[in-house]
Amino acid sequence: MRPMPVLRTRVSLRALPSSLALVLALAASSPHRDLAAQGSDSAAPDWETTEIARGVHQFRWGGHNALLISTPAGMVVVDPLAPAAGPVVADEIRRLAPGLPLHTIIYSHSDHDHAAGAPALVEAMDQGFASVEIVANERAVPHIVALGDPELPPPTLTFSERLTIRPGGRAIELHYLGPSHTDNLVVPFVPDVGVAFAVDFVFNDRVGWRDLPGWDFDGLFRAIPGLLEIPFRTMAFGHGAPGNRATIQRQLTYYDDLATAVRAAVATGWTEDEAAERIRLPSYGHFADYDAWLPLNVRAVHRWLTAPE
């Protein structure tokens, strides 16, 4: 049986007042929706662009988010999302940074639902690929090459653990915190405004995705605390609304409590089915998808704790 990870010793509550600043910033922003496109194409998701800090915008396409970072040299887009989003993102770039090009695309990780669409975005910007850098963690390359998908071209610049790019002098740090949801997740951080972007391995008050398929739990219990070593104030997510440092603390304590409860169940001799049926964590009953996905989270952790070494 695997040893029980201890998470709370690495939790920081620094910069909690940023929650008020975030609320004020969101209240002052003006979301932009393509209502005409929705009316003519019922399959197109709704979308909105919201400023979450100076020169940093969250672009929501249905249930997926991208991050748009304005720099003096042009726009940096973290996650091009879907090909259909390309023309909309291009229009937003022109609105937010008139006269400036698309400078860089960053893949948060290699999953198609977040990284596809780079060619559509570049084409909608009337630019050639030679003018746009695509950045990803080096571990993403084998996955992308294996897919052979023209909507998901390989990166032109890769890194191992950490990289800082400075388009037009604005620093954007890229952090690799180890395997979790995938083996190649990148956490971008814009230090001048304290905004970070974490995709798919943490959420804003939501339990984990279904039965956490393919997750590396040993890595997860290092990666989430590792977020708090980045001095962010505002955390944007690949899905859902932005949060702050307290949001990440709640994710840490959720996974800590989940693993503690499942470990106790395993020690008692409960099967996976019994644990999924009996374990409840009422302190997190307000988390999104609690009723549907908590039992699946329990199953995933039970399998991890009982897996052969």
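First, a word on what this report is: a plain description of the structure on this page.

Focus on the overall build of the protein chain
Point 1. Counting its regular elements, the protein chain contains 10 helices and 13 strands.
Point 2. Residues counted as buried form 53% of the 309 residues belonging to the protein chain.
Point 3. When contacts within the protein chain are restricted to residue pairs at least 6 apart in sequence, those whose partners lie at least 24 apart make up 63%.
Point 4. Carbon together with sulfur atoms contributes 56% to the accessible area of the protein chain, which is approximately 12,700 Å² in total.

Focus on the sheet that holds strand β10 (residues 186-190)
Point 1. In space, the six strands of this open sheet follow the order β8-β9-β10-β11-β12-β13, with mixed pairing throughout. The two strands at the open ends of the sheet, each matched to only one other strand, are β8 (162-165) and β13 (243-244).
Point 2. Relative to strand β11 (residues 195-198), β10 runs antiparallel, the two sharing two bridges. Counted as the bridge partner of V190 is V195 from β11.

Some thoughts on the sheet that holds strand β4 (residues 74-78)
Point 1. Ordered by their spatial adjacency, seven strands build an open sheet running β1-β2-β3-β4-β5-β6-β7, and the pairing between neighbours is mixed. The open sheet terminates on both sides in strands that have one partner only, identified here as β1 (47-53) and β7 (157-159). Taking each pair of neighbouring strands and ignoring which way they run, the sheet shows an average axis angle of 20 degrees.
Point 2. Both β1 and strand β2 (residues 56-61) contribute to a ladder of six bridges, which runs antiparallel. If you follow T50 over to β2, its bridge partner there is Q58.

Brief notes about helix α8 (residues 245-268)
Point 1. For α8, with 24 residues, the first-to-last C-alpha span of 35 Å sits near the 34 Å given by 1.5 Å per residue.
Point 2. One side-chain oxygen at the N-terminal end of α8 lies 3.0 Å from the backbone nitrogen of A246; it belongs to N244.

Observations concerning the packing of α8 against helix α10 (residues 290-306)
Point 1. Here α8 crosses α10 at 60 degrees, and the two axes come no closer than 9 Å. The two elements α8 and α10 cross, and the hand of that crossing is right-handed. Every residue of α10 that contacts α8 at Y254, L258, A259, V262, R263 and V266 is listed here: L294, N297, V298, V301, H302, L305 and T306.
Point 2. Residue composition of the contact of α8 with α10, by class: nine nonpolar, three polar and one charged.

Looking at helix α7 (residues 217-227)
Point 1. For α7, a buried count of nine out of 11 residues is recorded, marking the element as mostly surrounded by other parts of the structure.
Point 2. Along α7, the residues classified as buried are F217, G219, L220, F221, A223, I224, P225, G226 and L227.
Point 3. Buried residues in α7 make contact with β10, β11, β12 (234-237), α8 and α10.
Point 4. In this structure D216 caps α7, since a side-chain oxygen of it lies 3.3 Å from the backbone nitrogen of D218.

So, how was this worked out
- Residues numbered from 1 in each chain as written.
- Predicted model: local features only at pLDDT ≥ 70, side-chain atom pairs only at ≥ 80, totals over all residues.
- Heavy atoms only, no water.
- Helix = DSSP H or I, 4+ residues; strand = E, 2+ residues; numbered from the N terminus.
- Buried < 20%, exposed > 50% of the residue type's maximum accessible area, 1.4 Å probe, protein only.
- Contact = heavy atoms within 4.5 Å.
- Areas by Shrake-Rupley, 256 points an atom, 1.4 Å probe, with all protein chains shown as cover.
- Pairing = 2+ DSSP bridges.
- Axes fitted to C-alpha atoms, helices over the stretch in contact; angles between N-to-C directions.
- Expected span 1.5 Å × (residues − 1).
- Polar contact = N/O pair within 3.5 Å; in protein donor to acceptor, adjacent residues only side chain to side chain.
- Left-handed = near helix turned anticlockwise from the far one by under 90°.
- Nonpolar A, V, L, I, M, F, W, Y, C, P; charged D, E, K, R; others polar.

Keep in mind these values describe shape, not function.
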